[in-house]
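Secondary and tertiary structure notes
Listed here are the chains, written in short residue letters.
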Amino acid sequence: LLRLVKLWAKRRALPDGTKGGINSYAWSVLAIQCMQCYPQLSRPSPVPVFELLLVFFGMYSRLCGNHVVSVRAGHLVDKQEKGWLRDDVPAGLAIEDPNEPS
């Protein structure tokens, strides 16, 4: 899944981390979160490529600015619950680093 998403981003010339876009580590966290939320994607039989991508983009296209992608929690977390909701910061995609303390 991660390889597909990174290929998609590259083919669309999305900026990487060095240019202010999503870096490789963040794409990895997004892919892991997707697999956690949809365990049927990890089934032993191969999953069609289009199904992986549909689930990934479907999941993140419905996110509003009030959620945090949290691999540690294993599901999306409310920004207010984590104390990440602030009036002076525009709403947008928030990705928790699983290696950083909460």
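Coordinates for the structure precede this section.
The paragraphs below set out a description of the structure included in this document. (Residues numbered from 1 in each chain as written. Predicted model: local features only at pLDDT ≥ 70, side-chain atom pairs only at ≥ 80, totals over all residues. Heavy atoms only, no water.)

**Looking at the packing of aromatic side chains**
Cut-off, in case you're wondering: Aromatic pairing here means that ring centres of Phe, Tyr or Trp (its six-membered ring) are within 6.5 Å. Orientation follows from the plane angle: under 30 degrees is stacked, over 60 is edge-to-face, and everything else is tilted. The helix and strand labels rest on DSSP assignments: H or I over at least four residues marks a helix, E over at least two residues marks a strand, and numbering proceeds from the N terminus. Buried, partly exposed and exposed residues are distinguished by accessible area as a fraction of the type maximum, computed with a 1.4 Å probe on protein chains only: under 20%, between the cut-offs, and over 50%, respectively.
By the definition in use, this model includes four aromatic pairs. Centroid distance tryptophan 8 to tryptophan 27: 6.4 Å. Interplanar angle 80 degrees. Geometry classified as edge-to-face. Taken as a pair, tryptophan 8 in helix 1 (residues 2-11) and tryptophan 27 in helix 2 (residues 24-37) lie far apart in primary sequence, 19 residues in all. Residue tryptophan 8 is classed as partly exposed on the basis of its relative accessible area, which comes to 26%. A residue is classified by how much of its surface remains accessible, and tryptophan 27, at 11% relative accessible area, is buried. An angle of 55 degrees between the planes, with centres 4.6 Å apart, marks the rings of tryptophan 8 and phenylalanine 57 as tilted. In this pair, tryptophan 8 sits in helix 1 while phenylalanine 57 sits in helix 3 (residues 49-61), placing the two residues 49 residues apart along the sequence. The partly exposed category is assigned to phenylalanine 57, whose relative accessible area is 27%. The structure contains a cluster of three or more aromatic residues connected by ring pairs, namely Trp8, Trp27, Phe56, Phe57 and Tyr60.

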